[in-house]
Each structure stands twice: as C-alpha cells, then as structure tokens.
Amino acid sequence: MISLRNLTALSPVILACSALAAPAIGSDDRITEIVVNGEVISGQAILREMVYRIGSRELESRKLEIFIQKELERRELAASDFVSDEEVEELFERQLAQIDEEYKGKVSQETVLKTNRLSVGSVRKSTKLSLLFNRVFLPDNPSEWPDISRSALIDTMDDEQGELFFDKMQEGYQLRQSQGETTDSSQGQMMFNAFLRQPIIAALAEQAQILTPSDGIPDRLAMTVYDVEVTTDEMFERIKANAAIPAIEWERTRMWLAKMTAVRQDLQARGHYLDDERFGRIWADLEAQYAGSIVPIEQLAMGIKRFPSLDSYRLFERALKSYERSIADEITDADLSGHLYRATRLLGLEQVDLDVILLSAYGFEAGEWIEDGWEKARSRATEVARKLGDGEDWDVLLEQYSDFWDPPVPASKQGQQGTTTMMRRKGRLGFRNRNTLMPLLDESAYICFLAGHSVTDTVFFEQEVDTVAGPYRGPYGYYITRVNARKPPTKAFGLDDPIQRKSVRQDYVDVRFAEYASGLIEKAAIQGI
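Calculation rules
Residues numbered from 1 in each chain as written. Predicted model: local features only at pLDDT ≥ 70, side-chain atom pairs only at ≥ 80, totals over all residues. Heavy atoms only, no water. Pairing = 2+ DSSP bridges. Helix = DSSP H or I, 4+ residues; strand = E, 2+ residues; numbered from the N terminus. Buried < 20%, exposed > 50% of the residue type's maximum accessible area, 1.4 Å probe, protein only. Core = buried A, V, L, I, M, F, W, Y, C linked by side-chain atoms within 4.5 Å. Contact = heavy atoms within 4.5 Å. Salt bridge = Lys/Arg side-chain N within 4 Å of Asp/Glu carboxyl O. Polar contact = N/O pair within 3.5 Å; in protein donor to acceptor, adjacent residues only side chain to side chain. Axes fitted to C-alpha atoms, helices over the stretch in contact; angles between N-to-C directions. Parallel < 35°, antiparallel > 145°, perpendicular 65-115°, else oblique. Left-handed = near helix turned anticlockwise from the far one by under 90°. Nonpolar A, V, L, I, M, F, W, Y, C, P; charged D, E, K, R; others polar. Expected span 1.5 Å × (residues − 1). Phe/Tyr/Trp six-rings, centres within 6.5 Å; stacked < 30°, edge-to-face > 60°.

Description of the sheet that holds strand β12 (residues 526-527)
Through backbone hydrogen bonds, the strands of a sheet pair up, either in parallel or in antiparallel fashion. Spatially, the three strands line up as an open sheet ordered β3-β2-β12, and their pairing is antiparallel. Whereas interior strands pair on both sides, the edge strands pair on one side only; in this sheet they are β3 (39-41) and β12. Looking at chain direction, strand β2 (residues 34-36) and β12 are connected through two bridges and run antiparallel. Looking at β12, one finds that Val35 is bridged to Gln527.

This is how it looks when you write it as structure tokens:
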C-alpha cells in the first residue's frame, strides 16, 4: 500500500531555497551591487563571476588565442599563413554533417548544440581555433613542431620512449607524403591531435603564468595570460554574444557570491579563515594528490562536483578547510559514532529504487528555459500532488506529466558499455546509490551547497519505502518522488580503520559545513538578492 507523505501545496524543502525562487532579475539590475553585512560586492565582481559560471569554454578559447598569437609573433607569421577560411568552412560543414550522421535525424542539429550550450557561431569559431592550434603547435610534419610541443610531450614519457615516439611520427608522415596523402584535418588525425594537445596546453599555461580571480587580480580583469590583460567586460560580451543569459543564472551567481562572502566574513572574524600562504600549501597538496590520478583535479571540480570553474572550487575548498579547522577540537568519537549510520549508508553503497515525476521549468529537448517556466512547473506540481492525493494512479501520472528526457544515443556510442546507465526513462530511475542518484536529479555538491538543501539526500536518507513525497524544488523544476524498495549497504563502516575513519570524518565535516553556511545566509543582512 503506497502512502502519501508531504504532498501538500509545497514541501518544506522548497522553502529552504526561497532565495532562489525570487522574481527574475531584469537586464537593468542584473549587475546591481550586493551588500552582505555592510560589505559591497561590486557589479564588476558579479559580471566576472557570471563569466566563470557559464563561460568556461570562452575562457579556454581566449587562452588558446593568446597562446597562438604569442607563438605567431615569435615566428613573425600570421594566422592566414596556416589556415584559410575555405578550410575552416569545409571542416565546419563536416562537423555539422557528423551530427546528422550520429543521430540519424532523431534530433536536430540545433537541439544537439543547445543541449551542449553551443551555437552554430561558437562551433565555427572553435573549429577555426582548433585547426589553427594544430597547424601552429602540431603541424603534420613532426620536424616542424616548436620546441614547447616536443618538450611537453617528452615530459610525459621517458627520454627513450619520447625519441621513439617522434621517430614513429616522422616515419608516418614520410609514408603519407610518399603516398600523396594529407591528413591533418581528417577526423582521425583531429582526434589524435586533441589527445596530444593536453600536455602542450598545460606547458603553455605554465609558461604563460596565468592569473585568475583566486590570485587576487582586480574585478575588472577576468584573467591575465603572459602580459595580456583579459577584461571582465570583454569576456562577458563574448559570452553574451552566443546566447541570452537566463535570469536564474543571475540569481544563482548572486546567491553564490553572497553565501561565500558571509562564510568568509564569519571565519575571518573568528580568526579561522586560512591565509593565502597556508591555503596555498593545502591546495598544492590537493593538486599533487590528483596529478597522477585518472581523475584530474579539473574533472573532480567541474565534472563530478560540477562547480562552474576551478576557481570557484578553490574558493569553496578554502572556506571548507577553514571551517574544518574551526571545529577540529570539537569533533569527538561520540560525534563520529553518531554519524556512522549515515556514513555507512552513503559509503557502504546502500541503494534505493526510486520513481520520480519531474515538473520542469526547463525544456530539455529544446535546450532552453521555458518562459514563466517556474510558475508553470509549480502549478503543475501542485496539480499532480492533488491528483495523487485523490487516489489517481502513479504510473499513469508519471507517464503523462514527467518531463525527464533522454536524448538519443549517438550512433558511435550505441552498444557501448554504460551508454544507458544514466538514462532517466521518464523518471523510472531504478536502484541507485546516493552518488549515482544525485546527477540523475541534476544535483551536485555545488548545486546543493548553493540551494541550501538536497532533494537527493532528503529522499535517500529520509523517505520511507512505499511512500510518495514532494513536491521538492530542484535545479530544473519540482520533483515528486516514490520509493519502491531499498537494498542495505554492502559494507559496514567503523572508526577503527584509519581510512574508513577519515571518510566518515570528512562526510561529517561536509554535512556540518553545509548547515553552517545555510544558517549564516539566513541570519546575514543582505541587499541585492
């Protein structure tokens, strides 16, 4: 027998993020300053945070442009000496055609681009930039590679392997030449070059001494690369040219700045906020920890935890480590023992079989926010909750109302292991542990910190089997959830094992920090959000 739980007009969890449900910020007041406990966050700081929030591709492109320009200046050459407009257009058309081939007409080019936050213009520009980078730093003839390309790749191998690699590359080039082939813009060669580019870009970045906001540059600058000052206004205009920025992105940007400011203020006032030197050592250790890992720190920050940028993750880690320092003497064995039940369910991979009805404010297939989408989603969520309360069938309502959308699988990935693992199936999510459930509900460490609550954790840790609960406000709309079954953890956790103790302690700190930050923002005197 399914029972109803929290199916009122709005669940209490929704109220926890009421700041994010504020009216849309209009274009005229999007950069109005924010004041947190008397401290002013300038319009330029807000613009810069927006640049880093949604402009990571543009920032990376701007870096590459500067790398290329510096190399061209060194050689006293021009971009036109390497790439023609006709070559760019030919390659660009091939890439668009590949979208059609991959999806067999099941989804439009426009949808594919929008769902990946791309536009035709941005793809054309990135096509030219990629081709130009390859021609400058990875020309088809390895003997023409600049010193930095050669040394960067050798650094990833030992000297003997490096020399053997270049010998093989040279033999391949000479063979192609003898057969009259040119391959530097073929699909296979472009993919191979994309693999080779990463250590070269890393070497160029180190040489360029890139400075970002976490290095203390003024708000008017987004970054500096070599001696080039890249302004916040320049980058914002580039991002804005690709697509309109939704109001909710402004709201979330402003909330992030306000929340992080309130946390820093409190920790500084109590003498616990880590100074630049001390946190610099902690961050260097963290980077070193992931340097040899299959998951680089950028992937951890932006891919797994889904922070908008490495800079924002670094700021978060500074606040988290400072807070952990502030409570270090308070963390007792009794505290950790009391936390073991949650930690075992999380780390021991308990699973929940979950169905979810999503009433979305976002059009996934169209790749854009729906006009008045939040109001419409809220109204539909209330309607579905009422129908469930009246006894209407769950499965019928899920099929009729749920807005989860799975894009077609590209032809090149069909049949590959894992291609269907993260499909939503209209909201029939099946058995999931907490960490695989979170991205299916479009949540992450960053999103949950920002919102001040987690739908995932509410459902995973609190909702009972055979109950329906919600509506809960999430990143893209409102969720109504049904827990069908649970599987117990596959592994018990204790405090005697040092590794397990460390994991339990870290989760304890993470939970307390989230509660602490949410409490501060509720008490803070804030204007502008």
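From this point, things continue past the structure.
Thoughts on the pairing of strand β5 (residues 228-231)
Every other side chain in a regular strand lies on the same face of the sheet, so the side chains alternate between the two faces. With four bridges joining them, strand β4 (residues 221-225) and β5 adopt antiparallel strand pairing. Paired with Leu221 across the bridge in β5 is Thr231. Here β4 folds back onto β5 in antiparallel fashion, the turn holding two residues, of which Tyr226 has a positive phi close to 55°.

Structural notes on unusual backbone geometry
Along the chain, Gly470 connects to Pro471 via a cis peptide bond; the corresponding omega equals -5°. Looking at where Pro471 falls in the secondary structure, it is placed in strand β10 (residues 467-473). We note that Lys426 has phi near 65°; this positive angle belongs to a residue other than glycine. Mapped onto the secondary structure, Lys426 falls in the loop between α17 (394-401) and β9 (428-433). Judged by its relative accessible area of 26%, Lys426 is partly exposed.

Quick look at the pairing of strand β11 (residues 477-487)
Looking at chain direction, strand β6 (residues 351-360) and β11 are connected through ten bridges and run antiparallel. Residue pairing for β11: Ser360 is matched across the bridge by Gly477. Relative to β11, β10 is paired through five bridges, and the arrangement is antiparallel. When the sheet's bridge partners are listed, Arg473 is paired in β11 with Tyr478. Linking β10 back to β11 in an antiparallel pair, the connection comprises three residues.

A closer look at the nonpolar core
Within the largest apolar cluster, 91 residues are counted, with the highest numbers of intra-cluster contacts made by Trp256 and Phe513. By residue number, the principal contributor to this core is helix α11 (residues 247-269), which donates nine residues. Phe513 has contacts with Val263, Phe316, Ala319, Leu320, Tyr323 and Phe449, leaving out every residue within four places of it along the chain.

Side note on the pattern of salt bridges
Considering all chains together, one arrives at 38 salt bridges under this definition. Residue Arg62 is joined to Glu65 by a salt bridge in which the shortest nitrogen-to-oxygen separation is 3.2 Å. Of this pair, Arg62 and Glu65 are both found in helix α3 (residues 56-75), three residues apart, which corresponds to roughly one turn of the helix. Of the charged contacts, one joins Asp227 and Lys70 as a salt bridge, the two residues approaching to 2.8 Å between their closest N and O atoms. Of the two residues, Asp227 is situated in the loop between β4 and β5 and Lys70 in helix α3; the sequence distance between them amounts to 157 residues. Take Asp227: its relative accessible area is 61%, and that puts it in the exposed class.

As for the side chain of Arg424
Residue placement: Arg424 occurs in the loop between α17 and β9. A distance of 2.7 Å separates a polar atom in the side chain of Arg424 from the backbone oxygen of Leu440. Polar contacts involving the side chain of Arg424 include one to the side chain of Asp442, which spans 3.1 Å. Look past the residues within four positions of Arg424 in its chain and what remains in contact with it is Phe404, Asp406, Leu429, Pro439, Leu440 and Asp442.

Overview of the packing of helix α12 (residues 276-291) against helix α14 (residues 310-327)
The packing of two helices is summarised by the inter-axis angle and the distance between the axes. Taken N-terminus to C-terminus, the directions of α12 and α14 make an angle of 115°; their axes are 11 Å apart at the nearest point. Relative to α14, α12 is oriented roughly perpendicular. The two elements α12 and α14 meet at a crossing, and its hand is right-handed. Facing α12, whose interface residues are Asp276, Arg278, Phe279, Ile282, Trp283 and Leu286, α14 presents Leu310, Tyr313, Arg314, Glu317, Arg318, Lys321 and Arg325. In terms of residue class, the contact of α12 with α14 is made up of six nonpolar, no polar and seven charged.

Focus: the environment of Lys387
Mapped onto the fold, Lys387 is located in helix α16 (residues 373-389). A relative accessible area of 14% places Lys387 in the buried class. Linking Lys387 and Leu397, residues ten residues apart in sequence, is a C-alpha distance of 8.4 Å. Look past the residues within four positions of Lys387 in its chain and what remains in contact with it is Glu392, Leu397 and Tyr401.

Looking at α3
For α3, which comprises 20 residues, the first-to-last C-alpha distance of 29 Å matches the rise-based estimate of 28 Å (1.5 Å per residue) to within 8%. For α3, every residue scored as buried is listed here: Glu58, Leu59, Ser61, Arg62, Lys63, Leu64, Ile66, Phe67, Ile68, Glu71 and Leu72. Count one or two residues on from α3 and you reach Glu76, which has phi positive near 55°.

Looking at the packing of aromatic side chains
Tallied over the full model, the rule gives 26 aromatic pairs. Relative to Tyr516, the ring of Tyr323 lies with its centre 4.6 Å away and its plane at 25°, an arrangement referred to as stacked. Of this pair, Tyr323 sits in helix α14 while Tyr516 is found in helix α21 (residues 498-523), placing the two residues 193 residues apart along the sequence. Of the two residues examined, Tyr323 and Tyr516, each falls in the buried class. Each residue in the set Trp256, Phe279, Trp283, Phe307, Tyr313, Phe316, Tyr323, Tyr446, Phe449, Phe513 and Tyr516 is aromatic and connected to the rest through ring pairs, giving one cluster.

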